[in-house]
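Structural overview
So you can see what is in the structure, the chains are spelled out below.
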Amino acid sequence: MSTKQGRKIAIVGGSGSIGSHTLSALLKTNIHTVTAISRSESNATFPAGVIVKKGDYSDESFLVSALEGQDILILQLGIFSVDQQTPLIRAAAKAGVPYVLPTEFGSDPYSPLAKNFPMLIERKKKYRDLVEELGLSWIAVVNNPWFDWSLKHGNWGINIKEKKATLYKGAEGKLNTTTQRKVGEGVSKLLSLPDAELETFKNKPVYLSSFEINQREVLDSAIRVTGTKESDWKVVVRDADEVIAEARKEVAQGNHMAHIMEFYITHMKESSGGNYQAKATKDAEVLGLKDEEDLDDVVKAVVDDITTEN
Ligand SMILES: NC(=O)c1ccc[n+]([C@@H]2O[C@H](COP(=O)([O-])OP(=O)(O)OC[C@H]3O[C@@H](n4cnc5c(N)ncnc54)[C@H](OP(=O)(O)O)[C@@H]3O)[C@@H](O)[C@H]2O)c1
C-alpha cells in the first residue's frame, strides 16, 4: 500500500449532491487543505476546516486568485451548469493548477454509451479537450448511475414507496453502479495518491463501482429489507425495446425526462458499455478501495430515507 500525499484541493459544487460526499471524504483524511469555491449568490454552507471563497465566475481575477497554489481543481457542477466549467478551467490554467477533475461523475466516455447519449455523456468531452489544450491534465471519474440516488428517484424501475416494479425483459445484464459515499471515497483516495501513482491516471478515466448488479437483484434486496414477500409487490415484466420506443416517442413530444428511462435501460443491456467491472477492480486495487459495502445495508438506508421523508 502506497503512502498518502496531502494536497491543496479546490472544489466547486462542494455542497452539492455528489460534492458534499466528496468534501466529507477529503476532510476525513486530515491531510488535504480544501478550498470550496462557490458563487456569490449561493446559499451553500461548508463544514469547519474548509476555506471558502465566494465570488463571480465571470470575474477572472477572483477565480485566478482563488486557484493560485492549488494542486487540484474538482468541478462538481450541477447538470444544468456544466458550461460554467469553461471560465473555471481557463482560470486554473492561468493559476497553474496541474490537475482538473472535470464534471463527469457519470458513464464511461469510452463506451458505446457515449455516442448513444451525446447530451449526457459525449458533450463532456469538450471540457476534457479544453483542459488538455491549456496544458493541464484531467482525470474523469466514471461511476455510472449513482446506486442509492437512482434507487431513491425510482430510476431502477422500482418504486419502494408504492411496492411496484417494472422489470425490463432483454435488459437483464449486470451493470456497474456506485453509491454516492463511495464516489466521494474514491475521489479522496485518488487525490491522496503519491505523485507517481496519480500520474498514471493523467488524461484517463478512473473507474469506480460499488456493485456489479442487475435489476432483479436490486428488487430482491428491496423485498428482503422491507420484510415483504414478492406477492406484496406489483411486479410487471415489459419488453425493454418497447419501453425504449415509447420513451423516444415521449421525448419527441417534448418530455425530455423520458430520455433518462432509455439511459438506464441501455446500461442494463449486455455489451452496452454499462459493465466495466474489470477496470473498476483494477482501479480499486491501485486506490486501495475496499469492497466493504453490503447491498442490503445500502438499500435499507434508502428505504429508511424514503420512509422518514413521508
Ligand atoms: N451518475 C449519476 O447518477 C449522476 C446523477 C446526477 C448527476 N451526475 C453528474 O454529477 C454532476 C454533479 O451533479 P450534482 O447532482 O452533484 O449537482 P448539484 O448538487 O445539482 O449541484 C452542484 C453545485 O453546482 C453549483 N451550481 C448550481 N447552479 C449553478 C449555476 N447556475 N452556476 C454555477 N454553479 C452552479 C452549486 O454550487 P454553489 O451553490 O456552491 O455555487 C451546487 O451545489 C452532474 O453535472 C452530472 O455530470 C451524475
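Residues numbered from 1 in each chain as written. Predicted model: local features only at pLDDT ≥ 70, side-chain atom pairs only at ≥ 80, totals over all residues. Heavy atoms only, no water.

When you go through the protein chain residue by residue, the secondary structure sums to 13 helices and twelve strands. Taken over the C-alpha trace, the protein chain has a radius of gyration of 20 Å; the compact-globule value for 310 residues is 19 Å, and the two agree within 12%. Principal-axis analysis of the C-alpha atoms gives the protein chain an extent of 60 × 40 × 40 Å. The 310 residues of the protein chain split such that 51% are buried. Sequence separation of 24 or more characterises 78% of the internal contacts of the protein chain that already satisfy a separation of 6 or more. Total accessible area on the protein chain is roughly 14500 Å²; 51% of this is exposed by carbon and sulfur atoms. In the protein chain, 38 positive and 43 negative side-chain charges are present, and the distance between their average locations comes to 1 Å. (Helix = DSSP H or I, 4+ residues; strand = E, 2+ residues; numbered from the N terminus. Rg over C-alpha atoms; globule rule 2.2 N^0.38 Å. Buried < 20%, exposed > 50% of the residue type's maximum accessible area, 1.4 Å probe, protein only. Contact = heavy atoms within 4.5 Å. Areas by Shrake-Rupley, 256 points an atom, 1.4 Å probe, with all protein chains shown as cover. Lys, Arg positive; Asp, Glu negative; His and termini not counted. Charge placed at Lys NZ, Arg CZ, Asp CG, Glu CD.)

Moving on, we get to the sheet that holds strand β8 (residues 164-169). Read from one edge to the other, the open sheet built from three strands follows the order β7-β8-β12, with strand pairing classed as mixed. Each having just a single partner strand, β7 (158-159) and β12 (234-239) make up the two edges of the open sheet. In this sheet, β8 lies alongside β7 in antiparallel orientation, the contact comprising two bridges. Its bridge partner being in β8, asparagine 159 is matched across the sheet by lysine 164. Packing of helix α10 (residues 240-252) onto the sheet brings it into contact with β8 and β12, and relative to β12 it is tilted by some 80°. (Pairing = 2+ DSSP bridges. Axes fitted to C-alpha atoms, helices over the stretch in contact; angles between N-to-C directions.)

With that settled, consider the UniProt feature "domain: NmrA-like" (unreviewed entry) in the protein chain. Sites flagged by UniProt as "domain: NmrA-like" (unreviewed entry) map to residues 7-137. Structurally, residues 7-137 is divided into 34% helix and 19% strand, and its ends, taken at the C-alpha atoms, are 16 Å apart. (UniProt positions renumbered as here; feature names shortened; annotations may be inferred.)

Turning our eyes to something else, we now look at helix α1 (residues 19-29). Listed in full, the buried residues belonging to α1 are Gly19, Thr22, Leu23, Ala25, Leu26 and Thr29. Down the axis of α1, the buried side of the element spans an arc of 165°, and every buried residue falls inside it. (Arc of directions from axis to C-beta.)

The subject of this paragraph is the packing of helix α3 (residues 85-95) against helix α5 (residues 125-133). At a minimum axis separation of 10 Å, α3 and α5 run at an interaxial angle of 15°. By the angle class used here, α3 and α5 are roughly parallel. Remark: the crossing between α3 and α5 carries right-handed chirality. Contacts from Gln85, Thr86, Ile89 and Arg90 of α3 reach α5 at Tyr127, Leu130 and Val131. A class-by-class count of the residues in the contact of α3 with α5 yields four nonpolar, two polar and one charged. (Parallel < 35°, antiparallel > 145°, perpendicular 65-115°, else oblique. Left-handed = near helix turned anticlockwise from the far one by under 90°. Nonpolar A, V, L, I, M, F, W, Y, C, P; charged D, E, K, R; others polar.)

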